Amino acid sequence: MPGPLLETLKGNRQEIAPVWLMRQAGRYLPEYRELRAQKGGFLALVYDSDAAAEITVQPIKRFGFDGAILFSDILIVPHAMGQGLEFLAGEGPKLSPTLLETQLESFTAQFDRFDPIYETVRKTRTQISDQVTMLGFAGSPWTVATYMVAGEGSKDQGKTRLLAYQDPKRFQAICDAIADVSITYLRGQIDAGAEAVQLFDSWAGSLAPNEFERWVIAPNAKITAAIKESHPDTPVIGFPKGAGEKLPSYARETGVDAVGLDESLDPDWANAQLPEGMPVQGNLDPLLVEAGGDMLGKRVKTVLKAFEDRPHVFNLGHGIGQFTPIEHVETLLKAVRG
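Just so you know, these numbers come straight off a predicted model, no measurement behind them.

1. Remarks on the pattern of salt bridges
For step 1, the next point in the chain: This model, assessed by the stated rule, comprises 12 salt bridges.
For step 2, the next point in the chain: Its salt-bridge partner being Lys94, residue Glu91 comes within 3.8 Å of it at the nearest N-O pair.
For step 3, the next point in the chain: In this structure Glu91 comes out as exposed when scored by relative accessible area, which is 51%.
For step 4, the next point in the chain: A salt bridge links Arg122 to Glu119; its shortest N-O distance comes to 3.1 Å. In this pair, Arg122 and Glu119 are both assigned in helix H6 (residues 115-127), three residues apart and thus about one turn of the helix distant.
For step 5, the next point in the chain: Glu119 sits in the partly exposed class, given a relative accessible area of 28%.

2. Digging into the nonpolar core
For step 1, the next point in the chain: Counting residues in hydrophobic clusters, the biggest one holds 114 residues, and the most contacted among them are Phe65, Phe171, Val259, Leu284, Phe314 and Val329.
For step 2, the next point in the chain: With near-sequence residues (within four places) excluded, Leu284 lies in contact with Glu263, Val289, Leu296, Arg299, Val300, Phe314, Asn315, Leu316, Gly317 and Leu332.

3. So, the packing of aromatic side chains
For step 1, the next point in the chain: One pass over the full model with this rule turns up 13 aromatic pairs.
For step 2, the next point in the chain: Look at Phe111 and Phe114: their rings are 6.1 Å apart centre to centre, the planes differ by 20°, and that puts the pair in the stacked class.
For step 3, the next point in the chain: Grouped by ring-pair contacts, the aromatic residues Tyr32, Phe42, Phe71 and Phe87 constitute a single cluster.
For step 4, the next point in the chain: Across from the ring centre of Phe212, 5.3 Å away, lies the NZ or CZ of Lys246, which sits over that ring.

4. Topic: the packing of helix H9 (residues 168-192) against helix H10 (residues 209-230)
For step 1, the next point in the chain: Interaxial distance between H9 and H10 falls to 10 Å at its minimum, and their mutual angle equals 30°. When the axis of H9 is compared with that of H10, the two are roughly parallel. Crossing of H9 over H10 shows right-handed handedness. Here Pro168, Phe171, Gln172, Cys175, Asp176, Ala179, Asp180, Ser182, Ile183, Leu186, Arg187 and Ile190 of H9 lie close against H10, whose contacting residues are Arg214, Trp215, Lys222, Ile223, Ala226, Ile227 and Ser230.
For step 2, the next point in the chain: Taken together, the residues of the contact of H9 with H10 sort by class into 11 nonpolar, three polar and five charged.

5. Observations concerning unusual backbone geometry
For step 1, the next point in the chain: Look at the link from Ser96 to Pro97: it is a cis peptide, with omega at -10°.
For step 2, the next point in the chain: Checked against the element boundaries, Pro97 lands in the loop between strand S3 (92-96) and H6.
For step 3, the next point in the chain: Following Gly282, the chain continues to Asn283 via a peptide bond in cis, the omega torsion being -10°.
For step 4, the next point in the chain: Tracing the backbone shows Asn283 in strand S8 (residues 280-284).
For step 5, the next point in the chain: The phi dihedral of Arg23 is positive, around 60°, even though this residue is not glycine.
For step 6, the next point in the chain: You can see Arg23 is positioned in the loop between helix H1 (4-9) and helix H2 (30-39).
For step 7, the next point in the chain: Here Gln157, not a glycine, exhibits a phi torsion of approximately 55°, which is positive.
For step 8, the next point in the chain: Note on placement: Gln157 falls in the loop between helix H7 (141-150) and helix H8 (158-166).

6. Side note on helix H14 (residues 294-306)
For step 1, the next point in the chain: Over its 13 residues, H14 runs 19 Å from end to end, which matches the ideal 18 Å to within 8%, given 1.5 Å per residue.
For step 2, the next point in the chain: Among all positions in H14, only Leu296, Val300, Val303 and Ala306 are buried. End-on view of H14: buried residues confined to an arc of 130°, all on one side of the axis. Projecting away from the buried face of H14 at angles above 90 degrees are the exposed residues Asp294, Lys298, Lys301 and Lys305.
For step 3, the next point in the chain: Of the surrounding secondary structure, the elements contacted by the buried residues of H14 are helix H12 (267-273), S8, helix H13 (286-291), strand S9 (312-316) and helix H15 (326-337).

7. Details of the pairing of strand S5 (residues 196-201)
For step 1, the next point in the chain: In terms of burial, S5 is largely enclosed, as six of its six residues are buried.
For step 2, the next point in the chain: The side-chain alternation of S5 yields two buried faces, one formed by Ala196, Gln198 and Phe200 and the other by Val197, Leu199 and Asp201.
For step 3, the next point in the chain: Across five bridges, the pairing between strand S4 (residues 133-139) and S5 is parallel. When the sheet's bridge partners are listed, Ala138 is paired in S5 with Leu199.
For step 4, the next point in the chain: Pairing between S5 and strand S6 (residues 236-240): five bridges, direction parallel. Bridge pairing in S6 places Gln198 opposite Ile237.

Parameters and conventions
- Residues numbered from 1 in each chain as written.
- Predicted model: local features only at pLDDT ≥ 70, side-chain atom pairs only at ≥ 80, totals over all residues.
- Heavy atoms only, no water.
- Salt bridge = Lys/Arg side-chain N within 4 Å of Asp/Glu carboxyl O.
- Buried < 20%, exposed > 50% of the residue type's maximum accessible area, 1.4 Å probe, protein only.
- Helix = DSSP H or I, 4+ residues; strand = E, 2+ residues; numbered from the N terminus.
- Core = buried A, V, L, I, M, F, W, Y, C linked by side-chain atoms within 4.5 Å.
- Contact = heavy atoms within 4.5 Å.
- Phe/Tyr/Trp six-rings, centres within 6.5 Å; stacked < 30°, edge-to-face > 60°.
- Lys NZ or Arg CZ within 6 Å of the ring centre and 35° of its normal.
- Axes fitted to C-alpha atoms, helices over the stretch in contact; angles between N-to-C directions.
- Parallel < 35°, antiparallel > 145°, perpendicular 65-115°, else oblique.
- Left-handed = near helix turned anticlockwise from the far one by under 90°.
- Nonpolar A, V, L, I, M, F, W, Y, C, P; charged D, E, K, R; others polar.
- Expected span 1.5 Å × (residues − 1).
- Arc of directions from axis to C-beta.
- Pairing = 2+ DSSP bridges.

What follows is the structure, encoded as structure tokens:
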């Protein structure tokens, strides 16, 4: 019998909304900080399948979430494509050489870098019950490309947007290559035991409408269609952060089974605009969980009320913050589960 999260993603509304939180395995958990101190850097943890599986399971043991999200990173894809990757303390990820400095063809792919990630999925699956849904993920091509082009995150993705305007043919080739590798990567995760997958398009909000159509909707549609071809029963969640009024067209045109909503969206508006019966996921502001207080419980009720007539997975509008108190997460869960 599938767990409540998987049932919801397949379109079957549950009386109590299933819950998982983006970045639920991470720095706000003392057990994570302890393990990271033992093992070293972030990338070392990701490629150590025993450690990564333990981290994936930590929030399930502590909170009883309905979904276990693979502990990994969206930049594993460019790393496997042959781009250098390191995570510097206090600075975030750095990729080199950038695609402003070199051509994609100069990279030597190392797809065996995916093997420990698949192993993490397999090991996690043996440590969680059948009622907990194993979630895999990948970054969407636009968001991954912004890091590959600029070599790091940025506020407006300006360098990548400029490249896409100046040389759309080259940028199309970059997005196509990322999409093809991501399809292989997601299929591998599903074969290893992932029961649903999420496409993270964290920087979708920086694009104008025509570019959103070309660089967000089209590549995500390509990936979703490929997953549906090989694994028709595996739900795909699309999360185009910052999509705003472009979200309904994303929901209709990408073929995803469910959409994740960021905290900037009015849940009542989203409920009215999205296709009837389509599962939604979201969309509490993660800072509200960090803040706690009376507003936390009230806003949880607002979100639940907005989606009371459609399949709904309760989640945040983005990843949980590292300074979030454990007791606030417990309060959140009580508010959702009653």
